[in-house]
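# Geometric and topological summary
Read off the chains here:
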Amino acid sequence: MGVRPDISAFWGKPLLYTLIGFSLWVLSVLVLKTGLVPAMVLAIIPLAVYLLIRLLERPILAFFVVIGINYFIMGSIRYIPGLSAGIIMDGLLLLTFIFSLFRGRERAIDWTGVRNLLTLLSGIWLIYCILLVFNPVTTLAHWAAGVRGLAVYLFIFPLLTAVLLNRYKYLKTFLFIWSVLTLLAVFKALIQKYIGFDPAEKYWLYVTGGSSTHIISSGIRYFSFFTDAASFGCGMGMSMVVFSITALYIRSKSLRFYFIAVALLAGYGMMISGTRAAIAVPFVGYAFFVLLSKQWKIIIPGIVVIACAFVFFKYTYIGHGNTEIRRMRSAFNVTQDASFQVRQANQAKMRVFMKDQPFGIGIGKAKRVEPGDYMYQLPTDTSLVYVWVETGMVGLTLFLLIFLITFVKGIYEVWFQIHNKQLRGILCALLAGLAGMLACAYGNEMLQQFPNGPIVYICMAFIFMGRKLDKAISDEEIS
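What counts as what
- Residues numbered from 1 in each chain as written.
- Predicted model: local features only at pLDDT ≥ 70, side-chain atom pairs only at ≥ 80, totals over all residues.
- Heavy atoms only, no water.
- Helix = DSSP H or I, 4+ residues; strand = E, 2+ residues; numbered from the N terminus.
- Buried < 20%, exposed > 50% of the residue type's maximum accessible area, 1.4 Å probe, protein only.
- Contact = heavy atoms within 4.5 Å.
- Areas by Shrake-Rupley, 256 points an atom, 1.4 Å probe, with all protein chains shown as cover.
- Phe/Tyr/Trp six-rings, centres within 6.5 Å; stacked < 30°, edge-to-face > 60°.
- Axes fitted to C-alpha atoms, helices over the stretch in contact; angles between N-to-C directions.
- Parallel < 35°, antiparallel > 145°, perpendicular 65-115°, else oblique.
- Left-handed = near helix turned anticlockwise from the far one by under 90°.
- Nonpolar A, V, L, I, M, F, W, Y, C, P; charged D, E, K, R; others polar.
- Core = buried A, V, L, I, M, F, W, Y, C linked by side-chain atoms within 4.5 Å.
- Expected span 1.5 Å × (residues − 1).
- pLDDT = per-residue confidence, 0-100.

## Looking at the overall build of the protein
- Scanning the protein for helices and strands turns up 20 helices and two strands.
- The burial tally for the protein puts 49% of its 479 residues in the buried class.
- For the protein, the share of sequence-separated contacts (at least 6 apart) that also reach a separation of at least 24 residues comes to 77%.
- For the protein, the exposed area adds up to about 23,000 Å²; of that, 70% sits on carbon and sulfur atoms.

Here it is in structure tokens:
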């Protein structure tokens, strides 16, 4: 057999420099004929082709690009009218999957990682949601628009994580990328708070109606480049929990201080979002971690700190002059809140017709109501209510079962099967963050949105890979 020629050198810097030179020449020619913007679009095509070639060689990088774009895609809609975030993410995920298949023909990709219970359960959930296309209450167009956020992403993100990020170093890379994205989100919120909103954000607030929920009597709710302040606050709450717990176990001192800083800034971002339900993320997350640790040196101080924080918010008025503290404190008297009472009244109305809809009113229908529909003037408001209304009690049971089994498997492995202390701590952090987000999903609708949903699903995939990662670490230490 002949030796296969190595063409990787051709795809490296020589080709890149050639394409850059060609693009600059095309740009200079086209500017004179078509104008600057069309010229730039045309001139960048060769570089885009080069990037696709590089990503085809390394689909792992393509997936990390998807994770990054996932964080910015919703904010981009404010600056690019008509941008379809869902279609863009669908296309990027499809390309990443195709890149993985092509790369697998040249160099073996380990597909055995997809054979896990999460893939099975999310696959069953996907099939169930596909079958709901036959629900006569909804339409094919509504179903197609809703099924992606409800089921497709819950299946595809864990699958690609299991295939491409199936090594311990990729878990650490994911955490680092996530931390950088968190810092960028907080930085954008700080710009909004201390410098002001840019023209696109002002248009969203004052023309399209965003001010009705973000500039209110209790103060301004900052949203960074997320869909809204609720999504931003919940996402920052999860980042706060995950990175603060990870910092307890990471070996590198510099990385430990870095993660602590990220956690503190994320906590501040959560506060200035003005999202009261977001406070559930750290309270539930840290309480879950305290019980998960099985260490008295963590359990006793943890219970004391959580109890003190609860008393501070529930029974004192310390710091009540601060807008952020005052808004967070109101979450501990939620039954007296007018918006909470409205949600309870709306859900009571939903129960009347949902008793006869065990499979829901149809995927995509809750967000596209018309006069006479079941959900007319009844917003879902929370992720769990949204799943319940669109897929019925059967669907909600399947959806919650996925999370329940994730917790059971994760807890069992952390307690009895994960030997590496650092990995065990990171998995505890992911489980705690996941617990907090699930609690928050009862108060806000953010699991079916970018970027929180995909981040949660990726974390679930890493939890299911715990034993495999631990074994790989042990094998490397022995060798």
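## Some details on the packing of aromatic side chains
- Inspection of every chain in the model, using the stated rule, returns 30 aromatic pairs.
- Summarising the aromatic geometry, the rings of Tyr249 and Phe289 are spaced 6.4 Å apart at their centres and angled 85° between planes, so their arrangement reads as edge-to-face. Placement of the pair is Tyr249 in helix H11 (residues 229–249) and Phe289 in helix H13 (residues 280–293), with a sequence separation of 40 residues. By the burial criterion, Tyr249 is buried, and Phe289 matches it.

## As for the packing of helix H8 (residues 168–194) against H11
- Where H8 meets H11, the axes come as close as 11 Å, and the angle between the chain directions of the two elements is 135°. Between H8 and H11, the crossing angle belongs to the class labelled oblique. Judged by the sense of rotation from one axis to the other, the crossing of H8 with H11 is left-handed. Where H8 approaches H11, its residues Leu175, Trp178, Ser179, Thr182, Ala185, Val186 and Ala189 are matched on the opposing element by Phe232, Met236, Met238, Ser239, Val242, Phe243 and Thr246.
- Each residue belonging to the contact of H8 with H11 can be placed in one class, and the counts come to ten nonpolar, four polar and no charged.

## Looking at the nonpolar core
- By size, the foremost hydrophobic cluster in this structure holds 131 residues, and its most contacted members are Trp125, Phe157, Phe174, Leu175, Trp178 and Leu430.
- Ignoring anything within four residues of it in the chain, the contact list for Trp125 reads Leu150, Ala151, Leu154, Val387, Thr391, Gly395, Leu398, Phe399 and Ile402.

## Description of the packing of helix H6 (residues 117–131) against helix H7 (residues 140–164)
- H7 packs onto H6 with a crossing angle of 170° between their chain directions and a minimal axis gap of 8 Å. Between H6 and H7, the angle falls in the class roughly antiparallel. Seen from H6, the contacting residues are Leu118, Thr119, Ser122, Gly123, Trp125, Leu126, Cys129 and Ile130; seen from H7, they are Trp143, Val147, Leu150, Ala151, Val152, Leu154, Phe155 and Pro158.
- Residues that form the contact of H6 with H7 fall into these classes: 13 nonpolar, three polar and no charged.

## Focus on H13
- Between its first and last C-alpha, H13 extends 20 Å over 14 residues, near the 20 Å set by a 1.5 Å rise per residue.
- Taken together, the buried positions of H13 are occupied by Val281, Pro282, Phe283, Gly285, Phe289, Val290, Leu292 and Ser293.
- Buried-residue contacts for H13 involve H11, helix H12 (253–272), helix H14 (296–315), helix H17 (383–416) and helix H18 (421–440).
- Downstream of H13 by one or two residues, Lys294 has phi in the positive range, about 60°.

## Some details on H12
- With 20 residues, H12 extends 29 Å from end C-alpha to end C-alpha; this agrees with the ideal 28 Å at 1.5 Å per step.
- Those residues of H12 not exposed but buried are Phe259, Val262, Ala263, Ala266, Gly267, Gly269, Met270, Met271 and Ile272.
- Looking at the packing, one finds that the buried side of H12 touches H8, strand S2 (219–220), H11, H13 and helix H15 (323–330).
- Two residues or fewer after H12 comes Gly274, characterised by a positive phi angle close to 70°.

## Examining the confidence of the model for the protein
- With 85% of its residues at a pLDDT of at least 70, the protein reaches an overall mean of 85.
- The lowest-confidence element of the protein is helix H1 (residues 13–34), averaging 49 in pLDDT; the highest-confidence one is helix H19 (residues 452–464), averaging 96.
- Predicted confidence for residues 1–13 stays below pLDDT 50, and this span has nine contacts to residues more than four positions away or in other chains.

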